[in-house]
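Residue-level structure breakdown
Chain by chain, the residues:
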Amino acid sequence: MKTLIFLLEKEFHQIFRNAIILRMIILMPVIQLIVLPLAADFEIKDIKLVVVDQDRSSYARDLINKITSSGYFKLVDCIISTEQGLEYIESDEADVVLEVPPRFERDLIRERQQEVYLYINAINGTKANVGGAYLSQVIHDFNGEIRAEWRPLPSQRSSPKIEIVSNNWFNPLLNYRVFMVPGILVLLVTMIGSFMTALNIVKEKEVGTIEQINVTPIKRHHFVLGKLIPFWVIGMFVFSIGLLIVARFLYGIVPVGNLLLLYGYLALYLVAILGVGLLVSTYSQTQQQSMSLVFFIMMIFILMSGLFSSLESMPPWAQVMARVNPVTYFIEVMRMVVMKGSEFKHISSHFLVMIGFALLSNFWAVFNYRKTN
Amino acid sequence: MKHVTLEGISKSYDSTKAVDEVHFNVEQGELFGLIGPDGAGKTTLFRILTTLILPDAGRAFVNGHHVVKDYKKIRKEVGYMPGKFSLYQDLTVEENLSFFASIFNTTIRENYELVKDIYVQIEPFKDRRAGKLSGGMKQKLALCCALIHRPVVLFLDEPTTGVDAVSRREFWEMLKSLKKQGITILVSTPYMDEADLCEKIALIQSGNIMTVDTPERIVSDFPDPVYAVQSDNMSRLLRELRGSDQVKSANAFGEFHHITFSGGTESMDRFLKGLREPMLIKSISPTIEDCFIHLMAAHD
């Protein structure tokens, strides 16, 4: 026990003496939380629209007015030839081209139906998706309006119509940041936990100090604990800055659920993720190796965690991968507790899974550490 | 009493034999030198004795403890100074020393007497980070840290490699005074001229111990009289010496070539008669390096 205290004392001495690490600990959460949520905003605005109007009728004009007044579209040009419209897409000056065919109004009145064409630039999949959907929605509304216009008044009752009124629970205004900030907090503690642990232990190997330590009566578990505890504390600290200061005062996010529950899960999660760092350190001899290895693992963990893209829309094999990824579970827990106010009984399975991860990573690491010595 | 015993210790890395059936003993309180060139297996032996790696075969004991079975006891009783500076560069001199004292459950004050002579030299810099010390200072700090728990056996792996001549001499002085405190010291070095500073030496080459004895006895065991020769063109002279049947061995030693003759004084006379240019020749007593080269040739 006394040995552990001396080791911790030494470790904190070294950490606080390292100006870069110290700045990282304070500034990283603040800067990442300020920058990332702003950048990771998936709301699509300013979709560049080119209209090919070959009809030039009042209906066509009404439709175009309706589209541009929705606020999502920016009218780049209004032209006559389809080829020219496609050139706009090729030169990436347009995201969507709407073609109103000739005799649009006449056929619409005469034949009671008409088609418009949409050309969507799908290089940016999200933008194409969302832009196309918005545009279809607007055209659909427009359709409804002209139908109402033509219909003789009394018959209005005779055509039943279901109107959908939606209410967004847990995030009524669909504020993207409320959703992203908890996730980014997870990303933060994950990076700090894994990178710092792996680098710190491998540094002892690389510099050779582990050689000197190994000839002393320090026990292996003391050494490992001496390495894990400081970063566990730092992870807690960074998370607190992020949640209690930046998220609260900058984004106004106050967790709906129990803070203690959140911290309990964080404490467990940190053990699992520090274990990953420890595991990497047992496989690498130099800081460069460990850096590359952690980077590789963390890229996959983070991209497949459901932070940026919804898990449900991933292909089945990717969903399986996301399920063997501790980051996924913590992001879910964060969002459940912070946004929804979930209680322990709702996330008890998450706790069980994380206990599994923590045991796996740490035992694997200790096993491997023993083998190499 | 034997403080360190090696019985048939072997260790291979992949297919390379690093040390091959090494036997030797070190008596209590002895200053024992392990002398051999880079790659001879010195560090491997030290790492086995300090329980950092396991031998493939053989047994070794340090202060009566088996290096594999009783490694925990050994770690409490030995001091080890690796060849590469292995202290925390970002901690100060004092922090390093007190850290190593504390993990051995002691304090600087408790064993100050032992390290005093060395520590006073670096004490003015005790608040400086270890990484910012000069080479000689680092060496002294490392020695202090290896000594602070009053080890029974001290292992010093190439402590004088890369250290200037003055610091080297100082370092050997420190070892002598430590010896007086009754600590058994094993020191490895690639410098043959340091052999005379040890009480007993083992000459090691390619993982084999060639001989273990006092430096004096190793020198006196040298079979032939040795001569130092010198001329205006040393490289031509060396070629000529090596080409002659009368010369048994000829090796370059700085300003002189050291030679031995195959047939005693007769061959010397014969060789000198056949000389084409003037040459200075004098009789010398062999150095450890002569012995090393001789033993190396005999081993091959």
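This is a predicted model, so every value here is computed, not measured.

Attention now goes to the overall build of chain B. In terms of regular secondary structure, chain B is built from 10 helices and 14 strands. A buried classification covers 55% of the 300 residues belonging to chain B. If you take every contact in chain B between residues at least 6 apart in sequence, the share linking residues at least 24 apart comes to 68%. The positive charge centre, built from 36 side chains, and the negative charge centre, built from 41, are 4 Å apart in chain B.

Attention now goes to the domain arrangement of chain B. Residues and elements named next belong to chain B. As far as domains go, chain B holds domain 1 (2-219) and domain 2 (223-293). Between domain 1 and domain 2, the C-alpha centre-to-centre distance is 37 Å. With 14 residues of domain 1 at the contact, the number on the domain 2 side is six residues. Both faces considered, domain 1 and domain 2 share a buried interface measuring about 710 Å² in area, 87% of it formed by carbon and sulfur atoms. The largest share of the area that domain 1 buries against domain 2 comes from M192, L203 and V219, three residues that together contribute 65% of it. Scanning the region where domain 1 abuts domain 2 turns up zero salt bridges. At the junction of domain 1 and domain 2, the tally comes to zero residue pairs in polar contact (both at pLDDT 80 or more). At the level of secondary structure, the elements contributing two or more residues to the side of domain 1 that touches domain 2 comprise β9 (200-205) and α7 (215-220). Here the residues of the side of domain 1 that touches domain 2 sort into 11 nonpolar, two polar and one charged.

Glancing now at the interface of chain B and chain A. Each partner contributes to the interface: chain B provides 25 residues, whereas chain A provides 22 residues. Regarding the contact of chain B and chain A, the summed buried area is about 2300 Å², with carbon and sulfur atoms giving 59% of it. At the surface where chain B touches chain A, the tally comes to three salt bridges. One can count 12 residue pairs in polar contact (both at pLDDT 80 or more) joining chain B with chain A. Counting only elements with at least two residues in the side of chain B that touches chain A, the list comes to α2 (71-77), β6 (78-81) and α3 (93-103) of chain B. Broken down by element, the residue count for the side of chain B that touches chain A peaks at five residues, all from α3(B). The class makeup of the residues in the side of chain B that touches chain A is 12 nonpolar, six polar and seven charged.

This part takes up the environment of A:R61. Residues and elements named next belong to chain A. When you line up the elements, R61 lands in helix α3 (residues 58-68). The partly exposed category is assigned to R61, whose relative accessible area is 48%. On a C-alpha basis, the gap between R61 and I210 in space is 77 Å, while along the polypeptide they are 149 residues apart.

Ranked by size, the top nonpolar core spans 67 residues in total, and within it A:F239, A:L266, A:Y269, A:M298, A:F330, A:M334 and A:M354 carry the most contacts. Of all elements in the fold, only α2 (19-39), α7 (176-207), α9 (220-251), α10 (259-283), α11 (287-303), α13 (326-340) and α14 (344-372) of chain A reach the threshold of two or more residues within this core. A per-element tally of this core places α10(A) first, with 16 residues. Excluding anything up to four places from it in sequence, A:M354 contacts A:Y265, A:L268, A:Y269, A:A272, A:P326, A:Y329 and A:F330. Core analysis: the second largest hydrophobic core is formed by 61 residues, B:M81, B:F104, B:Y119 and B:I148 among them.

Cut-offs applied
- Residues numbered from 1 in each chain as written.
- Chains lettered and ligands numbered in written order.
- Predicted model: local features only at pLDDT ≥ 70, side-chain atom pairs only at ≥ 80, totals over all residues.
- Heavy atoms only, no water.
- Helix = DSSP H or I, 4+ residues; strand = E, 2+ residues; numbered from the N terminus.
- Buried < 20%, exposed > 50% of the residue type's maximum accessible area, 1.4 Å probe, protein only.
- Contact = heavy atoms within 4.5 Å.
- Lys, Arg positive; Asp, Glu negative; His and termini not counted.
- Charge placed at Lys NZ, Arg CZ, Asp CG, Glu CD.
- Domains from an automatic or database assignment.
- Buried area = accessible area lost by both parts, 1.4 Å probe.
- Salt bridge = Lys/Arg side-chain N within 4 Å of Asp/Glu carboxyl O.
- Polar contact = N/O pair within 3.5 Å; in protein donor to acceptor, adjacent residues only side chain to side chain.
- Nonpolar A, V, L, I, M, F, W, Y, C, P; charged D, E, K, R; others polar.
- Core = buried A, V, L, I, M, F, W, Y, C linked by side-chain atoms within 4.5 Å.

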